[in-house]
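Architecture at a glance
Listed below, chain by chain, are the residues.
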Amino acid sequence: MSATTRARQQRLTRWAVLLVVGGLFALPLVSMFAYSVRITPQNRSAFNSWKAIVANDQLRHAIVTSLELAGLTVLGMLLLLVPTMIWIRIRLPWAVRLVEFLCLLPLTIPAIVLVVGLDNVMSWVNYLVTTGPLALTFVYIVLVLPYCYRALDAGLAAIDVKTLSEAARSLGASWTTVVLRVIVPNITSALLSASFLAVAVVLGEFTIASLFFYDNLQVVIALIGLENSNVSVATSLAALIFGVLLLVTISFVGGRRPRQEVES
Amino acid sequence: MKRSIPGLGVAALAVAVTLAGCAAPTQTNDAAGSDNTGASGESSADYMDTLVADAQKEGELNVIALPPTWANYGNIISAFSDKYDIKVNSKLPDTDSQTEIDTAKRLAGQKSAPDVFDLSQAVALANTDMFAPYQVQTWDDIPEDNKDADGKWVNDYGGFMSVGYDSDVVPEVTSLDDLTKAEYKGKVALNGDPTTSGSGLNGVLMAALANGGSVDDVAPGVAYYKKLNGAGSLIPVDVTPATIESGQTAVVIDWDYLNAAETKQLPSWKVMVPDNAVVGGYYFQAINADAPHPNAARLWQEFLYSDEGQNLWLAGGARPIRADAMVEAGTIDQKLYDALPPVDGEPVFPTADQAAAAATYLADHWAEATG
Amino acid sequence: MSHRSTVPRRIGPSLGLVPFLLYAGIFLVVPTVVVFVSAFRGDPATGGFTLDAFRRLGAAPILSITRDTLVLSFATALVGAVVGGGVAYVVSTASPTGVLRRFVTSICGVLAQFGGVALAFAFIATVGNTGVVTQLLGLSDTRWLFSLKGLMLVYTYFQVPLMVIVFLPALDGIRPQWREAADTLGASTWAYWRHVGFPLLAPAFLGSALLLFANAFATYATARALVNQGSPLLSLKIGDSLGNEIGLARGNLAASLAVEMVLIVALVMTGYVLLQRRTSRWLR
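Every value quoted in this text rests on a predicted model; they were computed, and no experiment measured them.

Comments concerning the overall build of chain B
- Looking only at helices and strands, one finds 14 helices and 10 strands in chain B.
- Expressed as lengths along the three principal axes of its C-alpha atoms, the size of chain B is roughly 80 × 70 × 35 Å.
- Expressed as a percentage of its 371 residues, the buried residues of chain B come to 57%.
- Here the analysis covers contacts within chain B between residues at least 6 apart in sequence; of these, 74% occur between residues at least 24 apart.
- For chain B, the exposed area adds up to about 14,500 Å²; of that, 52% sits on carbon and sulfur atoms.
- Counting 22 positive and 52 negative side-chain charges, chain B places the centres of these two groups 10 Å from one another.

Next comes the structure, spelled out in structure tokens:
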């Protein structure tokens, strides 16, 4: 089979699969939209609930808080995970499973129970760093570990980290150069996936923020939901759309570098 | 030198991890005002002036678990805040009584700890050592059974278990037996699981009363819900304004004041209390002994038990505890009072022991109903 | 060969792990240990330490809840992994900087974390009593949504996008040169996948499936919104033990259930490690 025939087949399959799956996944979102624009005694005009989103001050503050938290969490996660994962692959193969398990742990303990144990730690953070909502960053970095580890692991497994780093070191590169200029450019897709997940987790986090009395995006959406169902559904949908636009923007930061950099 | 670096690393790890397990130094709360029990008999106006001044100096009040549409708390909070110029921090609005207590324990000594509690009967009576005794100015208007002799807790409002339904979607509900009919298939929800939620537990008690049982004999109640489940009417979904207004839960078994709040959003939502199956319950108001704003907490209670506060609760469809005294004095909002759902039959208020026995029974037997 | 002794050689590189261990130690291990210890606490009234909370784990109601949670988690992990893997493959064949890829991955990133009351209501609005699809297709009985079957469908909604996002980097690592090489050697599509593609992707595929399993296992808010009666899942049982209005709260049971959940995931992860070792032999 020639390359062009295969490419054409791939394109057809691509569109067919995405249309079917995408259509199915769009159904609940379309239903949410239909509900948010229903005319009811509380909602006299179709887009009232959407207009109410913009008018809500508390929501605006919460969005800013959540965005700041997302940014800090992505940064913290990248700084913590990327060097560590590279290092253990090169030098400490026995630690790979340990780190893998530690990175799965945050997902196994439901947040409502974890809060019990986080209390003392958070009191130290409040004492030493800040009492504001950004104190949540420390917890959020841990919460995103399971997802980000998996994405980064997939990317690192696809390139031969050991050979690459040894080659670079033998050419006289420092460790910073190895990480930043040799390995990172080869795992951009993984870095992007990890960052996407970190942002999405932070924007979607509710339990820990509410139990520590912080007003992040989801806490305010839940508050709205207690009073007005149309507005809360509209706000949830708006938060999703906002998330998608944010991630698309971030994807442009990844740059237009082609996937394979290593042949030079 | 090289060998001591790994040692340092391990030592740093050990120290950090040990420290993290203990609490950080926190500021202790100023105890001024926390021994005011209100029973001094000081002249009313002077006392209130001093209290207001002290509370305004504190400037804030921390409340917890007060949803805006629960017995009109949204308006109560803003009325209090506007009247006394005190900022009210309302956190965790959608949580339960046990979490209120757990949170107060977790945050003990911190500025953000809750000042006041609004608790279910079981949780309130089990945690009286956490409350600071206080008797409001209108203490004598409150019936003896509805307050603690020492003033540690006092009932604030009560309601009856009811059936709320959307009259545009389902036919009129006249009794609990109607709900097994075909028109109600897939539409009936009980607000809360009876093994965790007060409204759930009392919903089973109401069904027990309606089916020949009593507060002490809960089995008929469980049998009723089993029948409802078998008929396909009962759905286990969590009730929210969205599920009600979308028609998913067109019938909700809940406290009458909670159902009444929905009528404001959905005019076709009607509330009925079944004949001869009238189960009532009160909520318990208390002040945190460790309150970071003790004077504001006491002022909050004074506000709630004043005529203004009691009428605000009435506006939320709840029956304020001073209702009888206020009817006599003519200070009750008569229009709102008359608008409460009619109650036919002798109301039954389960005691703490009866409720505890029912809870234990349900912990073992509720699974029969949900299959 | 270095002249240095082996001791610094062994400990020195371990230092690189210290930052991570320090962070995970403080913000993850310590809270976990606190929770574990609280599982041994007795009734608040009596105090002291007891194994009571652990004994209840072996009782019939909790055993069946455990079984149901495991079935739900494995099933949605499997469906999510297969469907998500397929979608990820299809996306990986598209241009890496094109619009399609950017949008699909962004949507998947957002939907992977979509859950709780909002997701539950989205499904109620679709296949509930007055749902869009219910009205279009004239469906009559919609109660299945509030059972374990319904939960499986709803879980799939975030499992599939999660798989796409975490598996895509692995697919990106497949070099087109390998396919070309297989072609020149005369391999069919099936042979290429069987001998090159699948073995290379197996570790990442299994790892992602493990993540999906743990993700479903610990989901709480979504399940609570749909099945508020009866608590058929472990995470819901934990919620019941902590958040209680009628005096039946049992903090130690919540903690012991959390211990059980960690142990189960550790067990599943062990199985995954063994499976991965096996599949890596295909690469030899």
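Some points on the interface of chain A and chain C
- The interface of chain A with chain C comprises 80 residues on the first partner and 89 residues on the second.
- For the pair chain A and chain C, the summed buried surface comes to about 7,400 Å²; carbon and sulfur atoms form 76% of the total.
- Our count for the contact surface shared by chain A and chain C stands at 1 salt bridge.
- The closest approach of N and O atoms between arginine 6 of chain A and aspartate 183 of chain C, which form a salt bridge, is 3.0 Å.
- Counting across the interface, chain A meets chain C through 15 residue pairs in polar contact (both at pLDDT 80 or more).
- Elements supplying a minimum of two residues to the side of chain A that touches chain C: helix H1 (3-36), helix H3 (57-90), helix H4 (95-102), helix H5 (105-108), helix H6 (111-128), helix H7 (136-158), helix H10 (188-204) and helix H13 (229-253) of chain A.

As for a nonpolar patch on the surface
- A cluster of nonpolar side chains, Val29, Val33, Val37, Phe40, Phe49 and Leu51 of chain C, forms an exposed patch at the surface whose accessible area comes to about 510 Å².
- Position of phenylalanine 49 of chain C relative to the elements: it lies in the loop between helix H2 (18-38) and helix H3 (52-55).

As for the nonpolar core
- Counting residues in hydrophobic clusters, the biggest one holds 206 residues, and the most contacted among them are Leu81 and Ile183 of chain A together with Phe20, Leu226 and Ile238 of chain C.
- Judged by nonpolar contacts, the second largest core, of 79 residues, contains Ala71, Tyr225, Ala296 and Phe303 of chain B.

Observations concerning the interface of chain A and chain B
- Each partner contributes to the interface: chain A provides 22 residues, whereas chain B provides 26 residues.
- In total, chain A and chain B occlude about 2,200 Å² of area from one another, counting both sides; carbon and sulfur atoms represent 61% of this.
- On the chain A side of the interface with chain B, the three residues burying the most area are Trp124, Phe213 and Leu226 of chain A, jointly 34% of the side's total.
- Inspection of the chain A/chain B interface yields 2 salt bridges.
- One salt bridge connects lysine 91 of chain B with aspartate 215 of chain A, and the closest N-O pair in it is separated by 3.7 Å.
- Scanning the region where chain A abuts chain B turns up 6 residue pairs in polar contact (both at pLDDT 80 or more).
- Of all the secondary-structure elements, those providing two or more residues to the side of chain A that touches chain B are H6, helix H11 (207-211), helix H12 (217-227) and H13 of chain A.
- The element best represented in the side of chain A that touches chain B is H6 of chain A, accounting for 7 residues.

Section: the environment of proline 350 of chain B
All names here are of chain B.
- You can see proline 350 is positioned in the loop between helix H13 (334-338) and helix H14 (352-370).
- Relative accessible area serves as the criterion here: at 8%, proline 350 is assigned to the buried category.
- In the structure, proline 350 is positioned 106 residues away from isoleucine 244 in sequence and 29 Å away in space, judged by C-alpha atoms.
- Proline 350 has contacts with Gln121, Asn202, Leu205, Val215, Val279 and Gly280, leaving out every residue within four places of it along the chain.

A word on the side chain of arginine 322 of chain B
All names here are of chain B.
- With respect to the helices and strands, the residue arginine 322 is situated in the loop between strand S10 (319-320) and helix H12 (323-329).
- Polar contacts involving the side chain of arginine 322 include one to the main-chain carbonyl oxygen of tyrosine 305, which spans 2.6 Å.
- Look past the residues within four positions of arginine 322 in its chain and what remains in contact with it is Thr138, Asp141, Ile142, Tyr305, Ser306, Asp307 and Gln310.

Re the packing of aromatic side chains
Residue and element names in this part refer to chain B.
- Counting across every chain of the model gives 37 aromatic pairs over all chains.
- Summarising the aromatic geometry, the rings of tyrosine 157 and tryptophan 313 are spaced 5.1 Å apart at their centres and angled 55° between planes, so their arrangement reads as tilted. Of this pair, tyrosine 157 sits in strand S5 (residues 153-166) while tryptophan 313 sits in helix H11 (residues 307-315); the two residues are 156 residues apart in sequence, bridging distant segments of the chain.
- For tryptophan 313, a relative accessible area of 0% translates into the label buried.
- Taken together, the ring pairs connect Trp70, Tyr73, Tyr157, Trp255, Tyr257, Tyr283, Tyr305 and Trp313 into an aromatic cluster.

Focus on unusual backbone geometry
- Of note in the backbone geometry, asparagine 72 of chain B takes a positive phi value of approximately 65° without being a glycine.
- The residue asparagine 72 of chain B is located in the loop between strand S1 (60-64) and helix H3 (73-84) in this model.
- Under the relative-accessibility criterion, asparagine 72 of chain B is labelled buried at 11%.
- In the Ramachandran plot, serine 231 of chain C falls in the positive-phi region, its phi being about 40° despite a non-glycine side chain.
- For serine 231 of chain C, the location among the structural elements is in the loop between helix H11 (221-226) and helix H12 (234-242).

Description of the pairing of S1 of chain B
Residues and elements named next belong to chain B.
- For S1, the tally of buried residues reaches 4 of 5 residues, placing the bulk of the element in the interior.
- Sheet topology places S1 next to strand S2 (residues 87-91); 5 bridges connect them, and they run parallel. Its bridge partner lying in S2, leucine 61 is registered against valine 88.
- Remark: the S1/H3/S2 crossover connection has right-handed handedness.

A short note on the pattern of salt bridges
- By the definition in use, this model includes 19 salt bridges over all chains.
- Residues joined by salt bridges that share partners form a network here, namely Arg89, Arg97, Glu100, Arg150 and Asp153 of chain A.

A closer look at the environment of glycine 74 of chain B
All names here are of chain B.
- Along the chain, the position of glycine 74 falls in helix H3.
- Note on glycine 74: relative accessible area 26%, which makes it partly exposed.
- Considered as a pair, glycine 74 and serine 90 are 16 residues apart in the sequence and their alpha carbons are 9.7 Å apart.
- If sequence neighbours within four positions are ignored, glycine 74 has contacts with Pro67 and Pro68.

Focus on the packing of H6 of chain A against H2 of chain C
- Their axes nearest at 8 Å, the elements H6 of chain A and H2 of chain C cross at an angle of 130°. Judged by the angle between their axes, H6 of chain A and H2 of chain C are oblique. Two packed elements cross with a definite hand, and for H6 of chain A against H2 of chain C that hand is right-handed. Where H6 of chain A approaches H2 of chain C, its residues Val113, Leu114, Val116, Gly117, Leu118, Val121 and Val125 of chain A are matched on the opposing element by Ile26, Phe27, Val30, Pro31, Val34 and Val35 of chain C.
- Tallied by class, the residues present in the contact of H6 of chain A with H2 of chain C amount to 12 nonpolar, 1 polar and no charged.

Details of the side chain of serine 197 of chain B
- Among the secondary structure elements, serine 197 of chain B is positioned in the loop between strand S6 (188-190) and helix H6 (198-210).
- Only 3.0 Å separates the side chain of serine 197 of chain B from the backbone nitrogen of glycine 200 of chain B, close enough to count as a polar contact.
- Contacts of serine 197 of chain B, omitting those with residues within four sequence positions, involve Asn191 and Gly192 of chain B together with Glu245 and Ile246 of chain C.

A few points about the packing of H3 of chain A against H7 of chain A
Residues and elements named next belong to chain A.
- Between H3 and H7, whose axes approach to 8 Å, the crossing angle comes to 45°. With respect to their mutual orientation, H3 and H7 come out oblique. Here H3 runs over H7; the crossing is right-handed. Residues Leu69, Leu72, Thr73, Gly76, Met77, Leu80, Leu81, Val82, Met85, Ile86 and Arg89 of H3 pack against Leu136, Thr137, Tyr140, Ile141, Val144, Leu145, Cys148, Tyr149, Leu152, Asp153 and Leu156 of H7.

The rules behind the values
All residue numbers refer to position in the chain's written sequence, counted from 1. Lettering for chains starts from A, numbering for ligands starts from 1, and both go in the order in which the items are written. For a predicted model such as this one, the threshold for reporting local features is a pLDDT of at least 70, and the threshold for listing and counting side-chain atom pairs is 80 or more; totals across whole chains, interfaces and linings nevertheless cover every residue. Working from all heavy atoms in the structure, the side-chain values ignore hydrogens and water. Labels follow the DSSP assignment, with helices taken as runs of H or I lasting at least four residues and strands as runs of E lasting at least two, numbered in each case from the N terminus. Burial status follows relative accessibility: with a 1.4 Å probe on protein chains alone, a residue under 20% of its type maximum counts as buried, one over 50% as exposed, and anything between as partly exposed. Contact criterion: two residues are considered in contact whenever any of their non-hydrogen atoms come within 4.5 Å of each other. We get accessible surface area from the Shrake-Rupley algorithm with a probe of 1.4 Å; when it comes to residues, only the shown protein chains can shield them. For the purpose of charge, His is not counted, nor are the chain termini; Lys and Arg are scored as positive and Asp and Glu as negative. Charge positions are represented by NZ for Lys, CZ for Arg, CG for Asp and CD for Glu. Once two parts are brought into contact, the accessible area they lose, counted with a 1.4 Å probe and summed over both, makes up the buried area. Within this document, salt bridges are pairs made up of a side-chain nitrogen of Lys or Arg and a carboxyl oxygen of Asp or Glu, the two lying within 4 Å of each other. Pairs of N or O atoms are called polar contacts if they sit within 3.5 Å, as long as, within protein, a hydrogen donor faces a hydrogen acceptor (for residues adjacent in sequence, only side-chain-to-side-chain pairs). Patches here: salt-bridge-free residues with over 30% relative accessible area, like charges joined within 9 Å, nonpolar side chains (Val, Leu, Ile, Met, Phe, Trp, Tyr) joined within 5 Å. Within this scheme, the nonpolar core is defined by two criteria: the residues are buried Ala, Val, Leu, Ile, Met, Phe, Trp, Tyr or Cys, and they are joined through side-chain atoms within 4.5 Å. Here a Phe, Tyr or Trp ring, Trp counted by its six-membered ring, pairs with any other such ring whose centre lies within 6.5 Å, and the pair is stacked when the planes are under 30 degrees apart, edge-to-face when over 60, and tilted otherwise. Paired strands, in this sense, are two strands between which DSSP finds at least two bridges. Classification remark: right-handed applies to a crossover when, strands pointing away from the viewer, the course from the first strand over the helix to the second runs clockwise. Only C-alpha atoms enter the line fits that serve as axes; for helices the fit covers just the stretch in contact. Angles between N-to-C directions range over 0 to 180 degrees. Any angle that is under 35 degrees is reported as roughly parallel, and any over 145 degrees as roughly antiparallel; angles of 65 to 115 degrees are reported as roughly perpendicular and all others as oblique. Left-handed describes a crossing whose near helix is turned anticlockwise from the far helix by less than a right angle; the clockwise case is right-handed. Nonpolar residues are Ala, Val, Leu, Ile, Met, Phe, Trp, Tyr, Cys and Pro. Charged residues are Asp, Glu, Lys and Arg, and all others, Gly as well, are polar.

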